[in-house]
Amino acid sequence: MTDLTTKIGAFNADKRTIPVTFTSGDIVHKRDVNAVLKDDGSYDRAATKTRVEDVARGVAHKIGLGVITMPQPEPEGGSSEAEPTATA
């Protein structure tokens, strides 16, 4: 498994999620993680941290397999036109 650090952002009550940044070397992977709520509906910080640790193990495994990689750099000058995508 790769060395992975996590940075947990602020709880979003509307979405019931927290933004998390996972970093391993040069790879930075950002995603929202579902927060854990107490029976009264309030945010459970400790239980959510445990959930993030579970998600982090999966992210580390995917990085190790090469499923999550560094994004390709944008070409110099960039293009304002989107690339066409195939749909099924």
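First, a word on what this report is: a plain description of the structure on this page. Every value quoted in this text rests on a predicted model; they were computed, and no experiment measured them.

The strand order across the open sheet built from three strands is β1-β2-β3, with neighbouring strands paired in antiparallel fashion. Every other strand in the sheet has two partners, leaving β1 (5-8) and β3 (27-34) as the edge strands with one partner each. Direction aside, neighbouring strands of the sheet carry axes that sit 25° apart on average. Bridge count between strand β2 (residues 17-24) and β3: eight bridges; the pairing is antiparallel. Residue pairing across strands places Pro19 opposite Asp32, the latter belonging to β3. Lying over the sheet, helix α1 (residues 45-65) contacts β1, β2 and β3, oriented at roughly 40° with respect to β2.

So, about the nonpolar core. With 13 residues, the main nonpolar core has Ile18, Val20, Phe22, Val33, Val52 and Val59 as its most contacted residues. Of all elements in the fold, only β2, β3 and α1 reach the threshold of two or more residues within this core. The element contributing the most residues to this core is α1, with five residues. With sequence-adjacent residues up to four places away left out, Val20 is seen in contact with Thr6, Lys7, Ile8, His29, Lys30, Arg31, Val33 and Val52.

Okay, the pairing of β2 next. The side chains of a regular strand alternate between the sheet's two faces. When β1 meets β2, the two strands line up antiparallel, connected through four bridges. The residue of β2 that forms the bridge with Thr5 is Thr23. Where β2 hands over to β3, the hairpin turn is made up of two residues, of which Gly25 adopts a positive phi near 60°.

Turning our attention to the pattern of salt bridges. Between side chains of opposite charge, a pair can form as their charged atoms come close. One pass over the full model with this rule turns up three salt bridges. Linking Lys15 and Asp32 is a salt bridge whose minimum nitrogen-to-oxygen distance equals 3.1 Å. Taken together, the residues Lys15 in the loop between β1 and β2 and Asp32 in strand β3 connect sequence positions 17 residues apart. Ionic pairing is found between Lys49 and Glu53, a salt bridge with its closest N-O pair at 3.4 Å.

What counts as what
Residues numbered from 1 in each chain as written. Predicted model: local features only at pLDDT ≥ 70, side-chain atom pairs only at ≥ 80, totals over all residues. Heavy atoms only, no water. Pairing = 2+ DSSP bridges. Helix = DSSP H or I, 4+ residues; strand = E, 2+ residues; numbered from the N terminus. Axes fitted to C-alpha atoms, helices over the stretch in contact; angles between N-to-C directions. Contact = heavy atoms within 4.5 Å. Core = buried A, V, L, I, M, F, W, Y, C linked by side-chain atoms within 4.5 Å. Buried < 20%, exposed > 50% of the residue type's maximum accessible area, 1.4 Å probe, protein only. Salt bridge = Lys/Arg side-chain N within 4 Å of Asp/Glu carboxyl O.

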